[in-house]
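# Summary of structural features
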Amino acid sequence: MPHSMTGFASAEASVPPFRLVWEIKSVNHRFLELGFRLPEELRSLEPLARELVAGVVRRGKVDCTLKILAAEGAGPTATVAAEAMQALQRLQSDVLQTFPEARPLGVGEVLRWPGVLVEAQQRPEMLTGPARECLQQALTLFQESRAREGSRTAEFLEQRSATIVALVEEIKPMLATVQDRYRAKLVERLARLDIQAEPNRLEQELALAVQRLDVAEEVDRLISHIAEVRDVLGRAEPIGRRLDFLIQELNREANTFASKVQDETLARTGVELKVLIEQMREQVQNLE
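Described below are features of the structure shown in this document. (Residues numbered from 1 in each chain as written. Predicted model: local features only at pLDDT ≥ 70, side-chain atom pairs only at ≥ 80, totals over all residues. Heavy atoms only, no water.)

The helix and strand tally for the protein stands at nine helices and six strands. Counting every position in the protein, which comprises 288 residues, the buried fraction comes to 34%. Nonlocal contacts in the protein, meaning residues at least 24 apart in sequence, comprise 78% of its contacts between residues at least 6 apart. When the accessible surface of the protein is totalled, it reaches about 17000 Å², and 52% of it is carbon and sulfur. (Helix = DSSP H or I, 4+ residues; strand = E, 2+ residues; numbered from the N terminus. Buried < 20%, exposed > 50% of the residue type's maximum accessible area, 1.4 Å probe, protein only. Contact = heavy atoms within 4.5 Å. Areas by Shrake-Rupley, 256 points an atom, 1.4 Å probe, with all protein chains shown as cover.)

Moving on: the pattern of salt bridges. Under the counting rule described, the total for this entry stands at 19 salt bridges. Across the pair Glu169 and Lys172 runs a salt bridge, and its minimum N-O distance is 3.4 Å. One end of the pair is Glu169 and the other is Lys172, both in helix α4 (residues 124-176) and three residues apart, which spans about a single turn. Judged by relative accessible area, Lys172 falls into the partly exposed class, the value being 35%. The salt bridge involving Arg235 is made with Glu228; its shortest N-O contact spans 3.5 Å. Connected through shared salt-bridge partners, Glu217, Glu218, Arg221, Glu253 and Lys260 make up one network. (Salt bridge = Lys/Arg side-chain N within 4 Å of Asp/Glu carboxyl O.)

Locating Met5 in the fold gives a position in the segment before β1 (7-15). Linking Met5 and Lys61, residues 56 residues apart in sequence, is a C-alpha distance of 8.0 Å.

A rise of 1.5 Å per residue sets the reference length of helix α9 (residues 264-284), with its 21 residues, at 30 Å; its end C-alpha atoms lie 30 Å apart and thus fit the reference within 8%. Of all the residues in α9, the buried ones are Leu266, Thr269, Gly270, Leu273, Leu276, Ile277, Met280 and Val284. Viewed end-on, α9 has its buried residues packed into an arc of 130°, placing them on one side of the element. Those residues of α9 that are exposed and aimed more than 90 degrees away from the buried face are Glu264 and Val271. (Expected span 1.5 Å × (residues − 1). Arc of directions from axis to C-beta.)

Of the two faces of β1, the one lined by Gly7, Ala9, Ala11, Ala13 and Val15 is fully buried and the one lined by Phe8, Ser10, Glu12 and Ser14 carries no buried residue. Where β1 lies against strand β2 (residues 18-27), nine bridges are found, and the strand directions are antiparallel. Directly across from Ser14, in β2, lies its bridge partner Arg19. Remark: two residues form the turn of the hairpin made by β1 and β2, two consecutive strands paired antiparallel. (Pairing = 2+ DSSP bridges.)

Okay, the environment of Leu52 next. Positionally, Leu52 belongs in helix α1 (residues 46-54). When sequence neighbours within four positions are dropped, the list of residues in contact with Leu52 reads Arg132, Leu135, Gln136 and Leu139.

Counting residues in hydrophobic clusters, the biggest one holds 28 residues, and the most contacted among them are Ile164, Leu243 and Phe257. Residues Leu45, Ile68, Leu135 and Phe142 belong to the second largest nonpolar core, which totals 27 residues. (Core = buried A, V, L, I, M, F, W, Y, C linked by side-chain atoms within 4.5 Å.)

Burial runs high along β2: seven of the 10 residues are buried. Relative to strand β4 (residues 60-70), β2 runs antiparallel, the two being bridged by 10 bridges. Within the sheet, the bridge partner assigned to Glu23 lies in β4 and is Thr65.

Our next topic: the side chain of Thr65. Here Thr65 lies in strand β4. The buried category is assigned to Thr65, whose relative accessible area is 16%. Other than its neighbours up to four places away in sequence, Thr65 contacts Val21, Trp22, Glu23 and Arg37.

To continue, consider the environment of Arg230. For Arg230, the position within the fold is in helix α7 (residues 216-233). Using a relative accessible area of 33% as the deciding quantity, one classes Arg230 as partly exposed. Counting along the chain gives 68 residues from Arg230 to Ala162, while the straight-line C-alpha distance between them is 9.6 Å. Here Glu158 takes part through its side chain, which lies 3.0 Å from a polar atom of the side chain of Arg230. (Polar contact = N/O pair within 3.5 Å; in protein donor to acceptor, adjacent residues only side chain to side chain.)

In structure tokens:
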């Protein structure tokens, strides 16, 4: 199943009094580029996290963020250091003896004083295991998100492929009569100019024109490339680069087709083919 390079997922794990939150998001990129934002306490987890992400993602710019938050409903995660407050009180008394008019410290100022508040310890050995399991959960959700988006893209590409095949099948009867229509047009022009062409010379010109106007090979290759696109869409592997190459080939054949045809109806078909292929190209850029 195709996977999109664009996706987002998050997962949480409770480690009282903390809550671990992984967020993974990705956008299109030519290669695989991984970025991690981890708390300093869990920086040692990055090599393992890179290995886990690289094991399921092949292309894209992937940003992974781990946050350590207070658990919902949990009380304050910080305590007041009695010794620090006593030391601060002694300092305040000394200052007030020298400057009686000085304003005493408020509660907020005391709590902001360095060393007064002691945060609950975030022990890496306590958080590493849950963080790893939480990352695996986030990756599962991330892959499901990318698969859903990839499925929608594959459906879009299949619809455009079917439309291209229908267009080609519609014009095939016209291609069989290109020589006759060009002969009639050439004879009509000669008649307007009151010129009597030699039969042999006329046939030579017709033969050269048919060679220039023949698009049978381009049509066959269009059908062949569309068949390959459909086959690739069914593969259980990264397919973005292969599809990108096939779209380039489709575009090349459509351009050649459009440059050769002289008939107005066929020219409109050539434009429509190029529009459909461009729509496919835009979508293929999103696939891994």
